[in-house]
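If you want the building blocks of each chain, they are given just below.
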Amino acid sequence: QRLRQSGVTDLGAWLASGAPEVAALVGRVTINDLNLAALRLLAAGTVREVQENLGKILTPEAVALRRRALIAIWNGGNCVEGETRIFALDGTPRLTFQRWWVPAERGEYHFGRTQLAFVDLTRARATEQALVAERERLSVTLRAMSEAVFTVAPDGRIQFMNEAAA
């Protein structure tokens, strides 16, 4: 409301302007509580430890997600989600899916009860990448074989055929 009163009409442009107030606004996060899974994900023992080390945890892309949340509020929204990389306090990078939302009752937002849920995607994405690499190695091997190799779908369509099979 203060920004609107000062003449700001486009919060996205104001956030991109580099005004000194931007860093303070984007970086200001008060954490009321974290569950055990969140503490483990962040390699932290306490909420206070996380609060005091947000600068180590938040990456530029995590800050960008926070900016999207601020713009959502500005535009009357109450939910933002996306994938972002953060760091645990031990320096381990974590790829997370985050969903941030502000509960609303009777059309009124309750910012004191804002919630952030995040899911660690680190292992799942590493597994996906390993699977893609393994598929590529298999494809190269099958294509290079001198024996005929082909696969057929249940309806009789050929799905794969190497040069020897051709």
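The structure this text deals with has already been given above.
Everything quoted here is computed from the prediction, not taken from an experiment. (Residues numbered from 1 in each chain as written. Predicted model: local features only at pLDDT ≥ 70, side-chain atom pairs only at ≥ 80, totals over all residues. Heavy atoms only, no water.)

Draft legend 1. Layout of the sheet that holds strand β1 (residues 79-87). With antiparallel pairing, the 3 strands of this open sheet are ordered in space as β1-β2-β5. Across the chains shown, the open sheet's two edge strands, defined by having one partner strand only, are β1 and β5 (115-120). Strand-to-strand, the axes of this sheet are offset by a mean angle of 25 degrees, without reference to chain direction. The pairing of β1 with strand β2 (residues 93-101) spans 9 bridges and is classified as antiparallel. Across the sheet, the residue bridging to Arg85 is Leu95, located in β2. On the sheet, helix α7 (residues 60-74) packs against β1 and β2 and is oriented at approximately 165 degrees with respect to β1. Along the sheet, helix α8 (residues 122-144) makes contact with β1, β2 and β5, crossing β2 at roughly 125 degrees. (Pairing = 2+ DSSP bridges. Helix = DSSP H or I, 4+ residues; strand = E, 2+ residues; numbered from the N terminus. Axes fitted to C-alpha atoms, helices over the stretch in contact; angles between N-to-C directions. Contact = heavy atoms within 4.5 Å.)

Draft legend 2. Inspection of the pairing of β2 at higher detail. The hairpin turn running from β1 into β2, its antiparallel successor, is 5 residues long, and Gly91 in that turn takes a positive phi close to 90 degrees. Sheet topology places β2 next to β5; 6 bridges connect them, and they run antiparallel. Bridging across to β5, Thr96 finds its partner in Asp120.

Draft legend 3. Highlighting the side chain of Gln98. In this structure, Gln98 sits in strand β2. The exposure class of Gln98 is buried, given its relative accessible area of 9%. Within polar-contact distance, the side chain of Gln98 engages the side chain of Thr96 at 3.2 Å. When sequence neighbours within four positions are dropped, the list of residues in contact with Gln98 reads Leu65, Val80, Glu81, Gly82, Thr84, Ile86, Leu116, Ala117 and Phe118. (Buried < 20%, exposed > 50% of the residue type's maximum accessible area, 1.4 Å probe, protein only. Polar contact = N/O pair within 3.5 Å; in protein donor to acceptor, adjacent residues only side chain to side chain.)

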